[in-house]
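What the coordinates show
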There are 2 protein chains.
Amino acid sequence: MNITTEGIRKQNLAVDDADAIEHLLRTSRVGYLGLVDGDEPYVVPLNFIWHREAIYVHGAQYGRKASLMSQSPKAAFTIAHEIGTITHPVPAKTDTAYLTAMVFGRISMVEDLNEATSALEAMLCKYVPGYYDSPLHSGHVQSYVSGAGSHVAVYRLQPERITAKENPEDMSVMFYPGRTRTADVQRGRR
Amino acid sequence: MNITTEGIRKQNLAVDDADAIEHLLRTSRVGYLGLVDGDEPYVVPLNFIWHREAIYVHGAQYGRKASLMSQSPKAAFTIAHEIGTITHPVPAKTDTAYLTAMVFGRISMVEDLNEATSALEAMLCKYVPGYYDSPLHSGHVQSYVSGAGSHVAVYRLQPERITAKENPEDMSVMFYPGRTRTADVQRGRR
């Protein structure tokens with residue numbers, strides 16, 4: 001995993017622990033794919049799988065996302081886990097506890113049938129674990145990715161660099177409904 | 001709300017109900033801001049508030065996000081609510097139920113103190129409702145947004161167009177742990 005902490009302004013929040021990043025990549029259900037359309041950004045939420053050190057998604061062979069990818073393959077893929085809100089008696093110091101990772105690289109359609117099958121099998125294991133009693137057949141994938149009227153494709157974002165940031169929670173001061181600054185101050189909590 | 005369904009390939013999934021979109025904009029805790037850095041996209045997860053028909057976020061006055069915004073103010077802001085996975089006996093027809101909205105427009109730093117105060121007050125109401133017993137003072141915001149050593153700013157994304165898509169859930173076929181295709185077929189569910 002090509003993790004870098006370069007370019008992160010607050011270095012104290014930078015994460016370079018590959019296991020922490022892999023946990024986030026494997027447990028997050030939705031990632032946000034950024035593409036460029038001329039001088040305008042485009043961000044689309046997608047289910048995905050972290051598989052063989054790459055991000056795989058699937059989607060239409062046609063449509064805005066597919067045409068942007070072929071015009072401009074540079075992609076960003078961002079996932080975040082929001083843990084909660086950190087309270088503070090000073091309003092401006094209210095903060096969020098989170099873990100986030102950004103994967104930068106190039107995205108392209110997967111042409112190899114075995115690779116597409118393996119990625120889709122991994123996606124099924126992630127989103128419908130145990131639902132099917134037999135593994136995915138490449139023949140099914142072939143009809144799926146290239147069958148007439150199907151027009152669905154698998155895409156691979158090959159990471160060139162990954163950055164991650166974490167603002168850890170402090171369980172003693174996390175917000176919950178009913179928590180008030182007045183009570184926190186009275187009991188000497190803050 | 002300048003909602004458009006243009007450019008959405010699957011028109012049957014397009015949403016133009018302003019109330020549904022507003023509900024998503026007001027209840028989602030994290031949105032994904034897309035910016036353009038030359039020919040490379042950048043996507044950052046942010047807490048935000050939908051306020052006065054615009055997206056407000058806050059963040060550092062410096063750093064990559066801030067410098068990108070001033071170079072290239074065109075922005076996309078995407079939020080999604082993933083409802084769950086829709087099972088199907090045919091693996092390729094496994095699908096996701098979701099509601100998503102994309103806000104496109106220009107983002108810029110809020111210079112007006114009253115506007116910044118009002119947006120931050122609305123953010124506090126969203127993320128720490130009831131925590132403070134008095135409303136936010138503009139004096140506090142002034143020291144917050146322009147105080148020495150603070151360097152924090154409020155940004156407004158002024159929507160030029162909003163698109164939304166929904167793939168509704170079908171509660172009879174949503175995946176849950178332990179659900180299997182074999183059992184679904186046996187009881188004639190699929």
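Everything below is about the structure shown above.
Residues numbered from 1 in each chain as written. Chains lettered and ligands numbered in written order. Predicted model: local features only at pLDDT ≥ 70, side-chain atom pairs only at ≥ 80, totals over all residues. Heavy atoms only, no water.

1. As for the overall build of chain A
Stated precisely, the cut-off is as follows: Segments assigned H or I by DSSP are reported as helices when at least four residues long, segments assigned E as strands when at least two residues long, and all are numbered from the N terminus. Here the radius of gyration uses the C-alpha set of atoms, whereas the globule reference equals 2.2 Å times the residue count to the power 0.38. Here's how the labels work: a residue is buried when its accessible area is under 20% of the maximum for its type, exposed when over 50%, partly exposed in between, all with a 1.4 Å probe on protein chains only. Note on contacts: a residue pair qualifies if any of its non-hydrogen atoms lie within 4.5 Å across the two residues.
Counting its secondary structure elements, chain A contains 5 helices and 7 strands. Order of helices (α) and strands (β) in chain A, N terminus to C terminus: α-β-β-β-β-α-β-β-α-α-β-α. Taken over the C-alpha trace, chain A has a radius of gyration of 20 Å; the compact-globule value for 190 residues is 16 Å, which it surpasses by more than 25%. Taken over 190 residues, chain A has a buried fraction of 50%. In chain A, 69% of the contacts between residues at least 6 apart in sequence involve partners at least 24 apart.

2. A word on the packing of aromatic side chains
Rules: Here is the rule: rings of Phe, Tyr and Trp (six-membered ring for Trp) pair when centre to centre is within 6.5 Å. Planes less than 30 degrees apart are stacked, more than 60 are edge-to-face, and the remainder are tilted. Charges are assigned to positions over rings by a cutoff of 6 Å between ring centre and Lys NZ or Arg CZ, combined with an angular limit of 35 degrees from the ring normal.
As enumerated under the stated definition, the model contains 9 aromatic pairs over all chains in all. With a centroid separation of 6.4 Å and an interplanar angle of 85°, the aromatic rings of Phe175 of chain A and Tyr131 of chain B are classed as edge-to-face. Of this pair, Phe175 of chain A sits in the loop between strand S7 (152–167) and helix H5 (181–186) while Tyr131 of chain B sits in the loop between helix H3 (113–127) and helix H4 (138–146), which puts the two residues in different chains. We note that Phe175 of chain A, like Tyr131 of chain B, is buried. With a centroid separation of 5.0 Å and 65° between ring planes, the pair formed by Phe48 of chain B and Phe77 of chain B is classed as edge-to-face. With Phe48 of chain B in the loop between strand S2 (40–46) and strand S3 (49–51) and Phe77 of chain B in strand S5 (residues 74–86), this residue pair connects regions lying 29 residues apart in the sequence. Pair check on accessibility: Phe48 of chain B and Phe77 of chain B agree, each one buried. Three or more aromatic residues joined by ring pairs make a cluster, and in this case those are Tyr131 and Tyr132 of chain A together with Phe175 of chain B. Its end group placed over the ring of Phe104 of chain A, Arg161 of chain A keeps NZ or CZ at 4.2 Å from the ring centre.

3. Re the relation of the copies chain B and chain A
The cut-off we apply is this: To superpose the copies, least squares is applied to the C-alpha atoms of every residue with a pLDDT of at least 70 in both.
For the match of chain B to chain A, the screw axis carries a shift of 0.0 Å, the RMSD comes to 0.0 Å, and the turn is 180°. Taken together, the rotation and translation relating the two chain copies correspond to the operation of a two-fold axis. Here 100% of the interface residues in chain B have copies in chain A that are interface residues too; the copies meet face to matching face.

4. Side note on the sheet that holds strand S7 (residues 152–167) of chain B
Through backbone hydrogen bonds, the strands of a sheet pair up, either in parallel or in antiparallel fashion. All names here are of chain B. For clarity, the cut-off: Two strands pair if DSSP finds at least two bridges between them. Here the axes come from fitting lines to C-alpha atoms, over the contacting stretch only for helices, and the angles between their N-to-C directions go from 0 to 180 degrees.
Read across the open sheet, the 7 strands follow the order S2-S1-S5-S6-S7-S4-S3; overall the sheet is antiparallel. Since the sheet does not close on itself, it has two edges, and those belong to S2 and S3, each with one partner. Taking the axes of each pair of neighbouring strands and ignoring which way they run, one obtains an average angle of 35° across the sheet. Looking at chain direction, strand S6 (residues 95–109) and S7 are connected through 12 bridges and run antiparallel. Within the sheet, the bridge partner assigned to Thr100 lies in S7 and is Lys165. Helix-sheet contacts for H3 involve S3, strand S4 (54–60) and S7, and the interaxial angle to S3 is about 125°.

5. Description of the interface of chain B and chain A
How we decide: The term buried area refers to how much accessible surface (probe radius 1.4 Å) is lost by two components on association, counted for both of them together. We count a salt bridge whenever a side-chain nitrogen from Lys or Arg sits within 4 Å of a carboxyl oxygen from Asp or Glu. A 3.5 Å cut-off defines polar contacts: any pair of N or O atoms within that distance qualifies, except that in protein one atom must be a possible hydrogen donor and the other a possible acceptor, and neighbouring residues in sequence count only when both atoms are side-chain atoms. The residue classification treats Ala, Val, Leu, Ile, Met, Phe, Trp, Tyr, Cys and Pro as nonpolar and Asp, Glu, Lys and Arg as charged. All others, Gly included, are polar.
At the interface, 57 residues of chain B touch 57 residues of chain A. The junction of chain B with chain A conceals about 4,900 Å² of combined surface from both sides, 61% of it contributed by carbon and sulfur atoms. Area buried by chain B at its contact with chain A is led by Tyr32, Pro41 and Tyr131 of chain B, which between them contribute 15% of it. Note that Asp39 of chain B is salt-bridged to Lys74 of chain A, the shortest N-O span being 3.2 Å. For the pair chain B and chain A, the interface holds 26 residue pairs in polar contact (both at pLDDT 80 or more). Every element with two or more residues in the side of chain B that touches chain A is listed here: strand S1 (31–37), S2, S5, S6, H3, H4 and helix H5 (181–186) of chain B. Counting residues per element, the side of chain B that touches chain A draws most heavily on S5 of chain B, which supplies 7 residues. Split by residue class, the side of chain B that touches chain A holds 29 nonpolar, 15 polar and 13 charged.

6. Looking at the sheet that holds strand S1 (residues 31–37) of chain A
Residue and element names in this part refer to chain A. Taken together, 7 strands build an open sheet; the order of strands is S2-S1-S5-S6-S7-S4-S3 and the sheet is antiparallel. Of all strands in the sheet, those with a lone pairing partner are strand S2 (40–46) and strand S3 (49–51), marking the two edges. If you compare each strand with its neighbour and ignore which way they point, the axes differ by 35° on average. By the bridge criterion, 3 bridges tie S1 to strand S5 (residues 74–86) in an arrangement that is antiparallel. What sits directly across from Tyr32, in S5, is Thr78. In the packing of helix H1 (residues 18–27) onto the sheet, contacts are made with S3, strand S4 (54–60), S5, strand S6 (95–109) and S7, and the angle to S6 comes to roughly 75°.

7. Some thoughts on helix H2 (residues 64–71) of chain A
Side chains of residues three or four places apart in an α-helix project in the same direction, reflecting 3.6 residues per turn. All names here are of chain A. Formally: The reported arc concerns the directions from the helix axis to the C-beta atoms and nothing else.
Buried within H2 we find Lys65, Ala66, Leu68 and Met69. Buried residues in H2, looked at end-on, bunch into an arc of 165°, giving them a common side. Looking at H2, the residues exposed on the side facing more than 90 degrees away from the buried face are Ser70 and Gln71. On its buried face, H2 sits against S1, S2, S4, S6 and S7.

8. Remarks on the environment of Asn12 of chain B
Summarising the element assignment, Asn12 of chain B is placed in the segment before helix H1 (18–27). Taking the C-alpha atoms as reference points, Asn12 of chain B and Ala153 of chain B, 141 residues apart in sequence, are found 40 Å from one another.

9. Topic: the pairing of S2 of chain B
Look at any regular strand and the pattern is simple: side chains alternate between the two faces of the sheet. All names here are of chain B. Extensive coverage of S2 is indicated by the burial of 7 of its 7 residues. Across the two faces of S2 the burial is the same, with Glu40, Tyr42, Val44 and Leu46 and Pro41, Val43 and Pro45 all buried. Sheet analysis places S1 next to S2, joined by 7 bridges and oriented antiparallel. Bridge pairing in S2 places Asp37 opposite Glu40. Hairpin connection, S1 to S2: the antiparallel pair is bridged by 2 residues, and Gly38 has positive phi, about 65°.

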